[in-house]
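These are the residues of each chain, in order.
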Amino acid sequence: MPILLLAIMMLASLATWGESSSTPQANKDGISSGDQVNLTFWSWVTGIDKSVALFNQTHPNIHVNLENVGGGPNEYNKLYTAIKANNEPDMAQVEFQLLPTFETTGSLIDLSQYGANEVKDQFVPWTWQQVSLGNSVYAIPQDSGPLAMYYREDIFKKYNILVPTTWAEYADTAAKLHAANPNVYITDFPPKEPGWFTGLIWQAGGQLFGIDGDAWKVSLNNPSAQKVSTYWQDLISNNLVKTEPNFANGWYHDLQTGNVATWISAAWGAGTIQSNAPQSAGQWRVAPIPQWERGQTANGNWGGLTTVVFNNTKHPKEAAEFAIWLNTNEQSIDYMIKGSNIFPAHRASLDSPLVNGPISFFGNQNIGAIFKAGSEQVNVNFQWGPTINQVYNDIGDYFAAVINRQSTLNEALDSVQEGTVIFMKGQGFTVTTRRFAHD
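Okay, so let's go over this structure.

What counts, and at which threshold
Residues numbered from 1 in each chain as written. Predicted model: local features only at pLDDT ≥ 70, side-chain atom pairs only at ≥ 80, totals over all residues. Heavy atoms only, no water. 1 Å grid on protein atoms, 1.4 Å probe; cavity = no way out; pocket = protein on both sides within 12 Å on 5 of 7 lines; lining within 4 Å. Points joined across faces, edges and corners; volume = space filled by probe spheres on them. Helix = DSSP H or I, 4+ residues; strand = E, 2+ residues; numbered from the N terminus. Nonpolar A, V, L, I, M, F, W, Y, C, P; charged D, E, K, R; others polar. Salt bridge = Lys/Arg side-chain N within 4 Å of Asp/Glu carboxyl O. Buried < 20%, exposed > 50% of the residue type's maximum accessible area, 1.4 Å probe, protein only. Core = buried A, V, L, I, M, F, W, Y, C linked by side-chain atoms within 4.5 Å. Contact = heavy atoms within 4.5 Å. Pairing = 2+ DSSP bridges. Axes fitted to C-alpha atoms, helices over the stretch in contact; angles between N-to-C directions. Parallel < 35°, antiparallel > 145°, perpendicular 65-115°, else oblique. Left-handed = near helix turned anticlockwise from the far one by under 90°.

The next point concerns the layout of surface pockets. Over the atoms rolls a probe the size of a water molecule, and in doing so it shows where empty space is left. In this structure, the largest pocket encloses a volume near 970 Å³. Glu 95, Gln 97, Trp 268, Trp 302 and Gly 303 are the residues nearest the centre of the largest pocket, which is lined by 33 residues in total. Only helix H3 (73-84), helix H8 (194-203), helix H11 (269-276), strand S11 (301-309) and helix H15 (388-403) provide two or more residues apiece to the lining of the largest pocket. A total of 5 residues in the lining of the largest pocket trace back to one element, the largest contributor, which is S11. A class-by-class count of the residues in the lining of the largest pocket yields 16 nonpolar, 14 polar and 3 charged.

Dropping the structure here:
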């Protein structure tokens, strides 16, 4: 991430909104003692209202006004408009993969000048690497999504199948399960979940973006990505996985009935299963994500939030204070765990009973311990690019064509690669790339 952010800063003048100033408009010392600072914070996280209320109660000279302007893309679209108009909020919620995009606007404050590095060691290392450049810090991590394998223990026992620990064993299990019962599949391959697929590439050691001097290196069809796509293409071609959209009624029904026996997902997936497949309580367990080579301990990530401060704020010191407090105060984090089932990036909070303890829905297994170990195994050097919205949209479109048997996953990655290079050049970025041959 440090190299990534350095390149973003170098290239910011070429980007669409590159003319935005990166200098705070307000005096860094804030306001005179005794006056109350009013700050606006955009977030869609359930339970964070209690965190904000606690901050306001314990910081009488600062008042944070919480606004939910919509989750994810809805918030981002409004932020882009606000940045152009020089009217963004003081702080906002931004996912890890979107940080480079916002960096190219030149609108984020370096929080290191307000003490951010003093809390560096309180966070899971890879999450801090995602938000920092040397001693500069452009966001405070909030939560993350290390991967693991949710599986139906009852189904595995019924068909006398062992829990797979490698991807080769996982493919064998897919064949055995479907042969034993044609209505049962090892899992679902969701065509419109690029974040999930990117997490698998991350685990395999792939790098989608990098820096080549003063240019972006784009390698969306890199060898590790091809390995992942070839693997899942085989499962799709052999009809060993379902291909329904995630988070839809049919998919929830499959979780409930056991038509899918596993779900490779992030820590936050536990809440998804509990909320949408309540009749399967007690049947689910969690195991580490399968490895490409036996004995490895590599992991990837799907999802995760940060808190950023915009340079349009009149009170950067106080805004930074809130961003740091929000994501390091254990009571604040507990409110977000209870409200949204977040998996904290704050290391001490991973030992909270709310995260690290037996869960009856999962047969009293301490699934938090699995994800805690997995979070320490996420590759710290993974880098995002500055046009991830375009990349994700293209992946969704081209993968949908794969499901319709119009192409293959490798061909889809080639198309996404080509489209990304064209799009980035059109945005003014200098791009280098190399063509990867298929195995």
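The subject of this paragraph is empty space enclosed by the protein. According to the stated counting rule, one finds 2 cavities of 30 Å³ or more in the structure shown. Roughly 40 Å³ of volume is contained in the largest cavity. Lining the largest cavity, in full, are Thr 198, Ile 201, Leu 208, Leu 220, Ile 395, Leu 413 and Val 416. Listing elements by their share of the lining of the largest cavity, those giving two or more residues are H8 and helix H16 (409-426). Taken together, the residues of the lining of the largest cavity sort by class into 6 nonpolar, 1 polar and no charged. Approximately 30 Å³ is the volume found for the second largest cavity. Lining the second largest cavity are Trp 167, Leu 200, Gln 203, Val 228, Tyr 231, Trp 232 and Trp 292. Those elements giving two or more residues to the lining of the second largest cavity turn out to be H8 and helix H9 (223-237).

What follows concerns the pattern of salt bridges. As enumerated under the stated definition, the model contains 9 salt bridges in all. Across the pair Asp 397 and Lys 192 runs a salt bridge whose closest N-O atoms are separated by 3.2 Å. On the criterion of sequence distance, the pair formed by Asp 397 in helix H15 and Lys 192 in the loop between helix H7 (167-180) and H8 is long-range, its members being 205 residues apart. By relative accessible area, which is 48% here, Asp 397 ends up partly exposed. Of the residues examined, Lys 192 reaches a relative accessible area of 46% and is grouped as partly exposed. One salt bridge connects Glu 376 with Arg 347, and the closest N-O pair in it is separated by 3.2 Å. In this pair, Glu 376 is assigned in the loop between helix H14 (367-375) and H15 and Arg 347 in the loop between helix H13 (330-340) and H14, connecting sequence segments 29 residues apart. Owing to a relative accessible area of 40%, Glu 376 belongs among the partly exposed residues under this scheme. Overlapping salt bridges, with partners in common, bring together Glu 153, Lys 157 and Arg 285 in one network.

Further remarks concern the nonpolar core. Core analysis: the largest hydrophobic core is formed by 130 residues, its most contacted members being Phe 102, Phe 189 and Trp 232. Excluding anything up to four places from it in sequence, Trp 232 contacts Trp 167, Tyr 170, Thr 187, Phe 189, Trp 196, Leu 200, Val 241 and Leu 409.

Right, let's talk about the sheet that holds strand S7 (residues 209-212) for a bit. An order of S7-S8-S12 is seen for the 3 strands of this open sheet, with the pairing classed as mixed. Here the strands that pair on one side only, and so sit at the sheet edges, are S7 and strand S12 (431-433). Going from strand to strand, the sheet's axes swing by 35° on average, the running direction of each strand aside. Direction of pairing for strand S8 (residues 215-218) relative to S12: parallel, over a ladder of 3 bridges. Bridge pairing links Lys 217 to Thr 432 in S12.

Before going further, it helps to spend a moment on the pairing of strand S6 (residues 140-152). Counted residue by residue, S6 has 13 buried out of 13 residues, so it is predominantly covered. Pairing of S6 with strand S9 (residues 262-266) involves 5 bridges; the strand directions are antiparallel. Residue pairing for S9: Tyr 150 is matched across the bridge by Trp 263. Alignment of S6 against strand S10 (residues 284-288), held across 5 bridges, turns out to be antiparallel. Within S10, the residue paired with Tyr 150 across the bridge is Val 286.

Here the focus is the packing of helix H2 (residues 48-58) against H13. It is at 7 Å that the axes of H2 and H13 come closest, and there the two elements cross at 160°. For the element pair H2 / H13, the angle class is roughly antiparallel. Here H2 runs over H13; the crossing is right-handed. For the pair formed by H2 and H13, the contact residues are Ile 48, Lys 50, Ser 51 and Leu 54 on the first element and Gln 331, Ser 332, Tyr 335 and Met 336 on the second. A per-class count over the contact of H2 with H13 returns 4 nonpolar, 3 polar and 1 charged.

Moving on: unusual backbone geometry. Despite not being glycine, Asn 160 shows a phi value in the positive range, around 55°. Inspection of the secondary structure puts Asn 160 in the loop between helix H6 (153-158) and H7. Backbone geometry places Phe 247, a non-glycine residue, at a positive phi of 60°. Checked against the element boundaries, Phe 247 lands in the loop between H9 and helix H10 (249-257).

With respect to the secondary-structure elements, Lys 157 resides in helix H6. Overall, Lys 157 belongs to the exposed group, its relative accessible area being 62%.

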